[in-house]
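Observations on the three-dimensional arrangement
Listed below, chain by chain, are the residues.
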Amino acid sequence: VATPLVLADVARARRNGSLVVLEGFHALKHAQRFGAEVLGAWSADRAELDALRARLAPDVDLRSVVEVERDALAAVVPRAQVVAVARRPRLVHPDVLLAATDPAPLVLLEDPRHLGNLGACVRVAAGAGAGGVLTTGHQDPWHPDALRGAAGLHFALPVYRLSALPTAPRPLLAFDPEGETLDPRAIPPGAILAFGTERDGCSEALLERADARLALPMARGVSSLNLATAVAAVLFAQRLAR
Ligand SMILES: C[S@@+](CC[C@H](N)C(=O)[O-])C[C@H]1O[C@@H](n2cnc3c(N)ncnc32)[C@H](O)[C@@H]1O
């Protein structure tokens, strides 16, 4: 891409697989904090942005944010007070991650549909110290709505879309409300923690591939938890049990 970028380049960046669009203060803050190469950033209210930075993220340098007209910003991004374009990080091939012996768990989301939910899973995975987030299905986990849901924490850990379920020789635990009750102390190091799609849950193929099918025990009458809530409960149960 030719730099410096201008605000009109944001629309093109959305269609460019080597770039990501960051919408909102928190997405930009985390992206900067975790080493994103930000190619351009625009806000309609510098003073408000500086006040937010001073209050919430004094470690983050936002001096390169360019002030633009409010209408011009709203035409590009209707709801955010700041929008930025960053280079999509070059990640090692997912097979390299899957073959590594890091004891941190990997989160696998099977065909997640809701981008905000997907982002919330990335955010909690980063917060819990997971080794990465893998998705299957058609959604791009680097979509701006997912980045917004993750508050930009995609830059804190590897996030990939896979073309098929992983076959790596790591233990794979499928989370399913019909499974056996989870004992978080029994989760093996380096496990792939797999979660099903929002409406239909884990596929037959995922359940067949899994070494165990585990449940978070719920109160009577409750069918299931929200996807990101289930991911959070499992990751933090394991983290607290370690
Ligand atoms: C919204 S739920 C899917 C609901 C689907 N009707 C089902 O019964 O699996 C999305 C995913 O969150 C995870 N999940 C939700 N509640 C869970 C629970 N109580 N125990 C284990 N996993 C759960 C599962 O991985 C599930 O596939």
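Throughout what follows, the structure given in this document is the object of discussion.

A word on the overall build of the protein chain. The helix and strand tally for the protein chain stands at nine helices and ten strands. Here the C-alpha radius of gyration of the protein chain, 19 Å, is about what a compact globule of 242 residues would show, namely 18 Å. Along the longest, intermediate and shortest principal axes, the C-alpha atoms of the protein chain span 55 × 35 × 30 Å. Taking the intrachain contacts of the protein chain between residues at least 6 apart in sequence as the baseline, contacts between residues at least 24 apart amount to 79%. Of the side chains in the protein chain, 26 bear a positive and 26 a negative charge, and the two mean positions are spaced by 4 Å.

The six strands lie next to each other as β7-β6-β5-β9-β8-β10, forming an open sheet whose pairing is parallel. The sheet terminates laterally at β7 (159-161) and β10 (212-215), the two strands that pair on one side only. The mean angle between the axes of side-by-side strands here comes to 30 degrees, regardless of whether they run parallel or antiparallel. In terms of strand pairing, strand β8 (residues 172-181) meets β10 through five bridges, oriented parallel.

Applying the stated criterion across every chain yields a total of eleven salt bridges. A salt bridge links R12 to D9; the shortest N-O distance between them is 2.6 Å. Residue R12 and its partner D9 are located together in helix α1 (residues 9-14), separated by three residues, close to a single helical turn. Of the residues examined, R12 reaches a relative accessible area of 47% and is grouped as partly exposed. Judged by relative accessible area, D9 falls into the buried class, the value being 14%.

This part is about the packing of aromatic side chains. Using the criterion set out here, one finds two aromatic pairs in the structure. Centroid distance W142 to F155: 5.5 Å. Interplanar angle 90 degrees. Geometry classified as edge-to-face. Of this pair, W142 sits in the loop between β6 (132-135) and α7 (144-149) while F155 is found in the loop between α7 and β7, placing the two residues 13 residues apart along the sequence. Summarising the aromatic geometry, the rings of F175 and F195 are spaced 5.1 Å apart at their centres and angled 10 degrees between planes, so their arrangement reads as stacked. Taken together, the positions of F175 in strand β8 and F195 in strand β9 (residues 192-195) put the pair 20 residues apart, joining distant regions of the chain. There is no split in this pair, since F175 and F195 are both buried.

When two helices pack together, their arrangement is given by the angle between the helix axes and the distance between those axes. For the pair helix α2 (residues 25-33) and helix α3 (residues 46-56), the least separation of the axes is 12 Å and the interaxial angle reads 55 degrees. What the angle tells us is that α2 and α3 run oblique. In the packing of α2 onto α3, the handedness of the crossing is right-handed. Taken together, the residues of α3 that come into contact with α2 (itself represented by F25, H26 and R33) are L49, L52, R53 and L56. Tallied by class, the residues present in the contact of α2 with α3 amount to four nonpolar, one polar and two charged.

Calculation notes
Residues numbered from 1 in each chain as written. Predicted model: local features only at pLDDT ≥ 70, side-chain atom pairs only at ≥ 80, totals over all residues. Heavy atoms only, no water. Helix = DSSP H or I, 4+ residues; strand = E, 2+ residues; numbered from the N terminus. Rg over C-alpha atoms; globule rule 2.2 N^0.38 Å. Contact = heavy atoms within 4.5 Å. Lys, Arg positive; Asp, Glu negative; His and termini not counted. Charge placed at Lys NZ, Arg CZ, Asp CG, Glu CD. Pairing = 2+ DSSP bridges. Axes fitted to C-alpha atoms, helices over the stretch in contact; angles between N-to-C directions. Salt bridge = Lys/Arg side-chain N within 4 Å of Asp/Glu carboxyl O. Buried < 20%, exposed > 50% of the residue type's maximum accessible area, 1.4 Å probe, protein only. Phe/Tyr/Trp six-rings, centres within 6.5 Å; stacked < 30°, edge-to-face > 60°. Parallel < 35°, antiparallel > 145°, perpendicular 65-115°, else oblique. Left-handed = near helix turned anticlockwise from the far one by under 90°. Nonpolar A, V, L, I, M, F, W, Y, C, P; charged D, E, K, R; others polar.

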